[in-house]
Structure formats: structure tokens, C-alpha cells
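Working through the structure, step by step
Okay, here's what each chain looks like letter by letter:
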Amino acid sequence: MENQEKVDVPVFSAVDQELFEKDIYPLRKPAVLKGVPLGPCLEKWTVDYLAVKGGEREVKIHVSSVPQMDFLHKNFVYRTLPFGEFVHRAAAAEHQEFFISKDESYYLRSLGEDARKEPADLKKQFPELANDFHIPPFFDPKQFFSSVFRISSPGLQLWTHYDVMDNLLAQVTGRKRVVLYSPQDALHLYLSGDKSEVLDIDSPDLEQYPDFVKARRYECVLQPGDLLFIPALWFHNTLALQFGVGINVFWRNLPVESYDKKDPYGNKDPLAALRALQAVDRALATLDELPDDFRDFYARRMVLRIQSRAYASQLAETVQGK
Ligand SMILES: O=C(O)CCC(=O)C(=O)O
């Protein structure tokens, strides 16, 4: 897509806590961080080692006949496998045992003990592996929310979505392309909840999604050992260029009471945002009392009021000054 603006995610070397806190975090923009000690996982985590240490613990995985996972048409199924068996399958291009087809693709986003209540925590679900990974000391440990395994077959692409907490995505093995979009581009991403309906971000159907070209595309390729800082609300789309093992760590950057308590995934909108969205729904239901032309007019006035009252002027300038 030639007419879409493209930006490389900035890369920072030899990042320590001070550099992160002073020069990177306050910008609220994605950044690739190199040279951060992540622990022995970088040397140790071969497929066999992971399979032995992760062992027989059952994991729920996404399985798809094609590597581009499509949440709109649900082209994947959930299945359960012992972790060791899953890792062997995800690392191979062809499978002797399979659910759908010989060349099916796998994706693991690890879950908490009781997936509906508890966030994922490597220390609890994978104690044998957790000590190999050192969580970078870039946030107050009291803000820690979850640590999540992200293990993908080669070519696996995860749809564009946002999360509501700050996030460090550590790539341990395999290269991964990540494309990100600013929260300020939300209007150009054709959202369905926390996900973008534009699945093919490289050659989207511009008749269906004409405004997608207006979204500025931030891109990076993570190498093993790299960290990507993904600030809360930044949309991200990942493409595993090889079999890949990653871990992401979410932490709360808002006061703890701002978040929905029943949110093991870290992607439920903060409570105040939820209330505001519900109020919009009520306002829209009220507009339905009017005939079409009046409804249209007052809907536009609502948009203007929202823009002038709630868009941050500093952020708006960034958008205009793209
Ligand atoms: O690395 C991936 O596969 C997805 C990462 C992701 O969605 C996240 O870190 O929130």
C-alpha cells in the first residue's frame, strides 16, 4: 500500500532502567529495546528443552488451517494439548498427528489457572521455565499484572488489537514482524471491540476499508533477545517470520481501581471508559426517538461536542502534524 505512511519503530540499544524511565516510557510510543538482559532463556530454550521442562501441563491453543488467523470468520478452533507435544508441533511445518490438516498452524497465548478469573503468570503455570526468563525491571513490581507465553508456528499472524495495560513483548526465539498503529488512528482501523476488522494489513480491501490508508503504520522486526515496548491502547499485529517463542509482561499503568476486576486478559476497557461507552449507547437510543434527518444532525453535533471536549489538544496536534 504505497499511499500509507510508514514509520520504523525506533530502536534503543543498551537500555537500562534509567534510560527506559527517562527517555522511552514518557513518550508513550512503541520502542524496540536491545541489550536488555532477559536471562538464560535466550540460550536454553530449544524446542526439546521447552518440551521437557514444560512437560505434560495441558494448554489450550488456537489451531488454524491457514496461518492468518481471522477472528471475523473464526477460521480457527481451540484445542488442548500437553505443552511438550504442542511445542513440537508448533515448531514443525508438517504434522503426523493433527486436528484439521497436516500443515495446520498453532498459536498459544497462555492462560491463568482458572482462565476466566486469573491472569497468566509463568511462575505459576510454568515454574520450571519461569526462572529462565528475567522480567526487565522497568516498572514497579507492585504494578505487575501478567506474564504470558506467546508461541507461534512459522507464518502465524495475529490480528490487530489493543490491550489496556502497558506491555513489554520479549522475543526469545525466532524473528517476528510487528506492525503497530497509534490509538489516535482508531477511527481508521474499522474496530470491532478491541480488534480491527482489517485482517490483511499488507493489501487490504480498500473498497471495504477506504480510510485504512490514513492509519500511520509503525513497523519493526524483532530478533531473538529484543523487547518491544507496546504502550497501552497501541494497536499491534504480529507475524511470526519463524517458529517463535515470546513472553509478554503486562503491568498496570493506571491506579488499580481503574481496571475491571474480572479481566484476566488485560484487555477490558477501564471502568470509566466502559461507563462512558454505555452512556453513549444510552444517548444513541435517545436519538432514535427523532426522525432520521434530526437524528443525523444531532449525532453530528454530539461528535463535535466530543471532539472539542475530550480530544487532547496535544494529541490532536500530533495527528494533524503527522
Ligand atoms: O507476540 C504475539 O504473538 C502477540 C503479542 C501480543 O498480542 C501482546 O503482547 O499483547
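Predicted, not measured: the structure shown is a model, and the values here were computed from it. (Residues numbered from 1 in each chain as written. Predicted model: local features only at pLDDT ≥ 70, side-chain atom pairs only at ≥ 80, totals over all residues.)

This part covers the overall build of the protein chain. Within the protein chain, the regular secondary structure consists of nine helices and 16 strands. Against the globule reference of 20 Å for 322 residues, the protein chain gives a C-alpha radius of gyration of 21 Å, in line with a compact fold. If you line up the protein chain on its principal axes, its C-alpha atoms span 65 × 50 × 40 Å. The burial tally for the protein chain puts 34% of its 322 residues in the buried class. (Helix = DSSP H or I, 4+ residues; strand = E, 2+ residues; numbered from the N terminus. Rg over C-alpha atoms; globule rule 2.2 N^0.38 Å. Buried ≥ 20, exposed ≤ 12 C-beta atoms within 10 Å, placed from the backbone.)

What follows concerns the site of the ligand. Close to the ligand lie Arg150, Ser152, Leu158, Asp163, Asn167, Leu169, His236, Thr238, Gly246 and Asn248. Of all the elements in the fold, those that place two or more residues in the shell around the ligand are β7 (144-152), β9 (166-173), β15 (235-240) and β16 (244-251). The class makeup of the residues in the shell around the ligand is two nonpolar, six polar and two charged. (Near = placed C-beta within 6 Å. Nonpolar A, V, L, I, M, F, W, Y, C, P; charged D, E, K, R; others polar.)

In this section: the domain arrangement of the protein chain. Interfaces are often described in size by the accessible area the parts lose on coming together. Segmenting the protein chain into domains produces domain 1 (6-258) and domain 2 (271-320). Each of domain 1 and domain 2 was reduced to a C-alpha centroid, and the two centroids are 33 Å apart. (Domains from an automatic or database assignment.)

On to the UniProt feature "domain: JmjC" (unreviewed entry) in the protein chain. Cross-referencing UniProt, the feature "domain: JmjC" (unreviewed entry) maps to residues 106-268 in the present numbering. From the first C-alpha to the last, residues 106-268 spans 25 Å; its make-up is 5% helix and 37% strand. (UniProt positions renumbered as here; feature names shortened; annotations may be inferred.)

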